[in-house]
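# Examining the three-dimensional arrangement
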Amino acid sequence: MPICPSACPYDCPDGCSLLVEHQAGRITRVTGDPANPFTGELVCAKMARLPQAVHSPRRILTPLRRTGPKGSGQFAPLSWEEALEEIARRWGEIIDRYGPQALLPCSYAGTMGAVHRNGGEAFFHALGARGLVRTLCSSGKSAGWEAVMGASCDLPPSALAHSDLILLWSANLPATRLHLLPLLKKAKARGARVILIDVYESPSAPLAHQTLLVQPGSDGALALSLLQVLHAEGLTDESYLAAHTTGWPELAATLDRWTPEATQAITGLEPEAVRQLARSYAAARAPVIVLGSGFSRAGNGGEATRAIAALPAAIGAWARPGAGTYGVCSSPDLVDKSLIRRPDLCPGPVRAVNINQLGPALTGQLPGGPVMGLYVYHCNPASVLSHQNAVLAGLAREDLFTVVHERTMTDTARYADLILPAPYMVETEDLYTPYGYRAIQYVKPVVPPPGQVKSNWEVFTLLAARLGLDDPIFSRTPGELCRMLVERSTHLTPAEKERVLAGEPVVLESPFRLPVETADGKIHLADPAPITWYPPHGGPEPLKLVCAPAVHTLNSSFQEVEELCRLRGESRLRMNAADAAARGIAHGDRVVCRNELGQAEFAAALDRAVAPGTVVAEGVYAGEGRVNCLTHPRLSDLGAATTLNDNTVEVLPLAPLLNFPK
Ligand SMILES: Nc1nc2c(c(=O)[nH]1)N[C@H]1C(S)=C(S)[C@@H](COP(=O)(O)OP(=O)(O)OC[C@H]3O[C@@H](n4cnc5c(=O)[nH]c(N)nc54)[C@H](O)[C@@H]3O)O[C@H]1N2
Ligand SMILES: Nc1nc2c(c(=O)[nH]1)N[C@H]1C(S)=C(S)[C@@H](COP(=O)(O)OP(=O)(O)OC[C@H]3O[C@@H](n4cnc5c(=O)[nH]c(N)nc54)[C@H](O)[C@@H]3O)O[C@H]1N2
Ligand SMILES: [Mo]
């Protein structure tokens, strides 16, 4: 059976290299490509079932036009010719009446390929459309890191194998960083200790020797307490601090405020547990903080990242091989994506919508003029964005012309006026540069696209031709764009470029020791002010709501695979046992979770420990009345990011009669 190399296009730090078996236009098996030394033969449960996704009966294979009310999911096929003609006509009318900024693109992370993720930006820049600020994921974390470390990259994942203390801080390895598991196992076999810091016993908990359950939004306070103990007990590396940081005296002068006793009410941790953690951290030879992003999706997420980023500096970790952090910024952009995004094509300054505020933008609650045309590609805003009810109200607007380029009838596609059929990566050509380690892979299609499916870039070139956008980029093929990105990369040697263009997964060695890439080469601990902690946005309800990833789906993707949906199970709300008991809720009961924005139903789950006063909803589920009804479109302090984990709710048993008999 023919086997072709490919790469995972999903938004995951591990970015696997793959081998795809196929026969007669169908893919039959997907395995890990041993040519990639980091991801090797191990693939996740999701990717192993890619054939079921690609050949799902739910796939959309032709353009579709809406025939029923918005949201009804009633559509009839039309030709590409008719669809493109309709888009050009409707957009022309919108531009004539409201100007091009009444057109808004909405895209995020359905594919991470350099061409198909970014090419639309060139198109919408050339059109002069409204801008989209894409800060849905971990921009708060990135901004906090940059404030302290500049453009520095942290450790490569291989560092873990050499570590003797691994803090899994807000990091869910079995779900989101599977390829760290073999490295963690090696480190543990050599005696490394593993500590999980999370708001609940996540799937990472069984990997850890100890789990510290903290209050959501309290991580910055915990980091400051650790710094306080390190400082008070003389465990800091003062010569490292003097040589490589600025602002340590100013920060140290504030630390008395952050004793473990003072932060106990914030973090929920026993002071002695915090002291022990600080001492172990200082005593370790090569401590690594594996930093996920969940903690940073809060009103204080940027500042919290600053505080965590100060920890390795305080003990001089960066001077020691294998010590520091992993997971914040593990790879520089190996190719210059602005060559594809082409901000220079923009006719002038444009207003922009932050993707987290799409609902308010579509329902006219934000300044900037009306949005009359929406083009959604590789994103499922109706499921993944905060304030789901506002997003749905916006999408339901009769006067909004919505085009959705999708693979299946997602929550968003249901509201489209026109749906265009989209591909899987095995049907496209693209260049992948994973963000969890330094690697690059150029991938060709394995099978032809089924039906009338077209790639993101192909649609943009067709639309550009209709709309008279004549920059030469719009006549380039994806292959030509990939080649241009590789050839113009300043990070790759000529030999590496050749290997990339030959289709090899090229994994680059990263140095253990990090050069601090701030303007002055120093780690900034008090710029513009000493690192601090302030409360997250919070809310009036008594329980804090956290949205955690599910193992068997990736954001809203993979729900087209029934087997994965079965393995994931129904939508659950994980609760602390005492909080549940106080509300008369037992394991398995149907509950309703409410706040001022909306309400959503779940099955209560009490089988894993959860921090008191906290509830956790794993995964994104299709349908209305889901967890994102309860999440605010407020932004983080730094990075204008989502604050999806910074909301409060009340939980009630759903009519007790419904829960009986079991
Ligand atoms: N299987 C699977 N894989 C995925 C995804 C998925 O949905 N499913 N999503 C992909 C994407 S887009 C991304 S960005 C990454 C995300 O990958 P991660 O960064 O690992 O995941 P997060 O969503 O950030 O959540 C990690 C953990 O943070 C915890 N957490 C939440 N709030 C807090 C807090 O205030 N303090 C602390 N200490 N912990 C907290 C959550 O309980 C969760 O266990 O994973 C990618 N990979
Ligand atoms: N409650 C809750 N909300 C969340 C999260 C959570 O964990 N919990 N995670 C958040 C995070 S970290 C992120 S990054 C976002 C992710 O949000 P999104 O970027 O919307 O990601 P997905 O939900 O995976 O949806 C991507 C869609 O793109 C489509 N797609 C894939 N490839 C292509 C392609 O080549 N072309 C086109 N046109 N379409 C394609 C897929 O079919 C899928 O429907 O969600 C955020 N929202
Ligand atoms: Mo993400």
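Note on numbering: residues in each chain are counted from 1, in written sequence order. Lettering of chains starts at A and numbering of ligands starts at 1, both following the order in which they are written. With pLDDT at 70 or above as the cut-off, local features in this predicted model cover only qualifying residues; side-chain atom pairs require 80 or more to be listed or tallied, and sums for whole chains, interfaces and linings still use all residues. Note that the side-chain values use all heavy atoms of the structure and ignore hydrogens as well as water.

## Looking at the site of ligand 1
Taken together, 31 residues lie near ligand 1, and Thr 176, Asp 198, Asp 219, Gly 294 and Thr 553 sit nearest. Distance and chemistry together define a polar contact, namely a pair of N or O atoms within 3.5 Å, with one atom able to donate a hydrogen and the other to accept it when in protein, and with adjacent residues in sequence counting only for side-chain atoms on both sides. Within the backbone of Gly 217, a nitrogen or oxygen atom sits 3.0 Å from an oxygen atom of ligand 1. Accessible areas in this description were obtained via Shrake-Rupley with a 1.4 Å probe; residue shielding takes into account the shown protein chains only. Against a free-state accessible area of 900 Å², the protein chains account for coverage of 96% of ligand 1. Elements supplying a minimum of two residues to the shell around ligand 1: helix H5 (173–176), strand E9 (193–198) and strand E22 (543–548). Taken together, the residues of the shell around ligand 1 break down into 14 nonpolar, 11 polar and six charged. Note that the domain bounds reflect an automated or database-derived domain assignment. When residues are assigned to domains, the shell around ligand 1 turns out to be shared by domain 2 (154–328) and domain 3 (543–657), each giving three or more. One heavy atom suffices: a residue is near a molecule or strand as soon as one of its heavy atoms comes within 4 Å of it. Going along the chain from the N terminus, every DSSP run of H or I of four or more residues is numbered as a helix, and every run of E of two or more is numbered as a strand. For this classification, the nonpolar set comprises Ala, Val, Leu, Ile, Met, Phe, Trp, Tyr, Cys and Pro, the charged set comprises Asp, Glu, Lys and Arg, and every other residue, Gly included, is treated as polar.

## Section: the packing of helix H3 (residues 114–127) against helix H17 (residues 456–467)
Lines fitted to C-alpha atoms define the axes, with helix axes restricted to the stretch in contact, and inter-axis angles between N-to-C directions lie between 0 and 180 degrees. Between H3 and H17, the least distance of the axes is 8 Å, while the angle of their chain directions is 15°. On the basis of the axis angle, H3 is roughly parallel to H17. Of the two possible hands of crossing, H3 and H17 adopt the one that is left-handed. When H3 is examined against H17, the residues Val 115, His 116, Gly 119, Gly 120, Phe 123, Phe 124 and Leu 127 are found in contact with a partner set consisting of Asn 456, Trp 457, Phe 460, Leu 463, Ala 464 and Leu 467. Classifying every residue of the contact of H3 with H17 gives nine nonpolar, four polar and no charged. Working definition: roughly parallel below 35 degrees, roughly antiparallel above 145 degrees, roughly perpendicular at 65 to 115 degrees, and oblique for all remaining angles. The crossing is said to be left-handed when, going from far helix to near helix, the turn is anticlockwise and less than a right angle, and right-handed when the turn is clockwise. The contact criterion used is simple: two residues touch if any of their non-hydrogen atoms lie within 4.5 Å.

## Details of the sheet that holds strand E18 (residues 430–432)
Spatially, three strands are ordered E18-E19-E20 in an open sheet, and the strand pairing comes out antiparallel. On the outer flanks of this sheet lie E18 and strand E20 (506–507), each paired with one strand and no other. Docked against the sheet, helix H18 (residues 478–487) engages E18 and strand E19 (439–443), running at close to 35° with respect to E18. If DSSP finds at least two bridges between two strands, the strands pair.

## Concerning the packing of helix H7 (residues 219–232) against helix H12 (residues 301–314)
Between H7 and H12, the least distance of the axes is 7 Å, while the angle of their chain directions is 25°. With respect to H12, the element H7 is oriented roughly parallel. Judged by the sense of rotation from one axis to the other, the crossing of H7 with H12 is left-handed. Where H7 abuts H12, its residues Asp 219, Gly 220, Ala 223, Leu 224, Leu 226, Leu 227 and Leu 230 lie against Ala 304, Ala 307, Ile 308, Ala 310, Leu 311 and Ala 314. In terms of residue class, the contact of H7 with H12 is made up of 11 nonpolar, one polar and one charged.

## A word on the nonpolar core
Ranked by internal contacts, the top residues of the largest apolar core, which has 83 residues, are Trp 169 and Val 290. The two domains that each donate at least three residues to this core are domain 2 (154–328) and domain 3 (543–657). Beyond its immediate sequence surroundings of up to four residues, Trp 169 is in contact with Ile 197, Asp 219, Leu 222, Ala 223, Leu 226, Ile 289, Val 290, Leu 291, Gly 292, Ile 308 and Leu 311. Here, nonpolar core refers to any group of buried Ala, Val, Leu, Ile, Met, Phe, Trp, Tyr and Cys residues whose side-chain atoms link them within 4.5 Å. Burial classes: relative accessible area under 20% of the type maximum marks a residue as buried, over 50% as exposed, and values in between as partly exposed (1.4 Å probe, protein chains only). Grouped together as the second largest cluster of nonpolar side chains are 49 residues, Leu 78, Leu 103, Ile 340 and Leu 463 included.

## What about the sheet that holds strand E17 (residues 418–421)?
The sheet built from six strands is open, its strands ordered E5-E4-E17-E16-E15-E6 with mixed pairing. Two strands in the sheet have a free side with no partner beyond their single neighbour: strand E5 (75–77) and strand E6 (103–107). Taken pair by pair, the neighbouring strands of this sheet meet at an average axis angle of 20°, ignoring direction. Of the strand pairs in this sheet, strand E15 (residues 373–377) and strand E16 (residues 401–406) are connected by five bridges, and their pairing is parallel. Bridging from a neighbouring strand, Val 376 pairs with Val 404 of E16. Sheet contacts for H3: E6 and E15; angle to E15, the most-contacted strand, approximately 160°. Of the strands in this sheet, E15, E16 and E17 touch H17, which is tilted by about 150° from E15.

## A few points about the domain arrangement of the protein chain
Structurally, the protein chain comprises domain 1 (64–136 + 336–428 + 448–490), domain 2 (154–328) and domain 3 (543–657). Inter-centroid distance (C-alpha atoms) of domain 1 to domain 2 is 40 Å.

## Considerations on the side chain of Ser 17
With respect to the helices and strands, the residue Ser 17 is situated in strand E2 (residues 17–23). Assessed through its relative accessible area of 2%, Ser 17 is described here as buried.

## Some points on the pattern of salt bridges
It is possible for side chains of opposite charge to pair when their charged atoms get near one another. The salt bridge criterion pairs a side-chain nitrogen of Lys or Arg with a carboxyl oxygen of Asp or Glu, the two atoms within 4 Å. Summed over all chains, the structure comprises 30 salt bridges. The salt bridge partner of Glu 398 is Arg 66, with a shortest N-O separation of 3.8 Å. One end of the pair, Glu 398, is in the loop between helix H16 (388–395) and E16; the other, Arg 66, is in strand E4 (residues 64–66), and 332 residues separate them in sequence. The residue Glu 618 makes a salt bridge to Arg 608 at a minimum N-O spacing of 3.4 Å. In this pair, Glu 618 is assigned in strand E26 (residues 614–618) and Arg 608 in the loop between strand E25 (598–605) and E26, connecting sequence segments 10 residues apart. Each of Arg 66, Lys 70, Glu 398 and Asp 417 takes part in one network of salt bridges that share partners.

## Remarks on the packing of aromatic side chains
Side-chain rings of Phe, Tyr and Trp (the six-membered ring for Trp) are treated as a pair once their centres are within 6.5 Å; stacked means planes under 30 degrees apart, edge-to-face means over 60, and tilted covers the remaining angles. Evaluated as defined, the whole model comprises 16 aromatic pairs. When the ring of Trp 145 is compared with that of Trp 318, the centres are 6.2 Å apart and the planes differ by 75°; the resulting orientation is edge-to-face. Highlighted residues: Trp 145 in helix H4 (residues 139–149) and Trp 318 in the loop between H12 and strand E13 (324–326), separated in sequence by 173 residues. Summarising the burial analysis for this pair, Trp 145 and Trp 318 share the class buried. Ring geometry for Tyr 375 and Tyr 377: centres 5.6 Å apart, planes at 50°, overall tilted. We note that Tyr 375, like Tyr 377, is buried.

## Notes on the environment of Leu 644
You can see Leu 644 is positioned in the loop between E26 and strand E27 (647–653). Under the relative-accessibility criterion, Leu 644 is labelled buried at 13%. In sequence terms Leu 644 and Cys 137 are 507 residues apart; their C-alpha atoms lie 9.3 Å from each other. Beyond its immediate stretch of four places on either side in the chain, Leu 644 contacts Arg 297, Leu 545, Cys 547, Asn 628 and Thr 631.

## Overview of the site of ligand 2
By nearness alone, 29 residues border ligand 2, and Asn 380, Glu 406, Asn 456, Ser 556 and Ser 557 come closest of all. One nitrogen or oxygen atom from the main chain of Val 384 is found 2.8 Å from a nitrogen atom belonging to ligand 2. Interatomic distance of 3.0 Å between a side-chain N/O atom of Asn 555 and a nitrogen atom of ligand 2. Compared with its free state, where it exposes 920 Å², ligand 2 has 96% of that area covered by protein. Each residue belonging to the shell around ligand 2 can be placed in one class, and the counts come to 14 nonpolar, 11 polar and four charged. Each of domain 1 (64–136 + 336–428 + 448–490) and domain 3 (543–657) accounts for three or more of the residues forming the shell around ligand 2.

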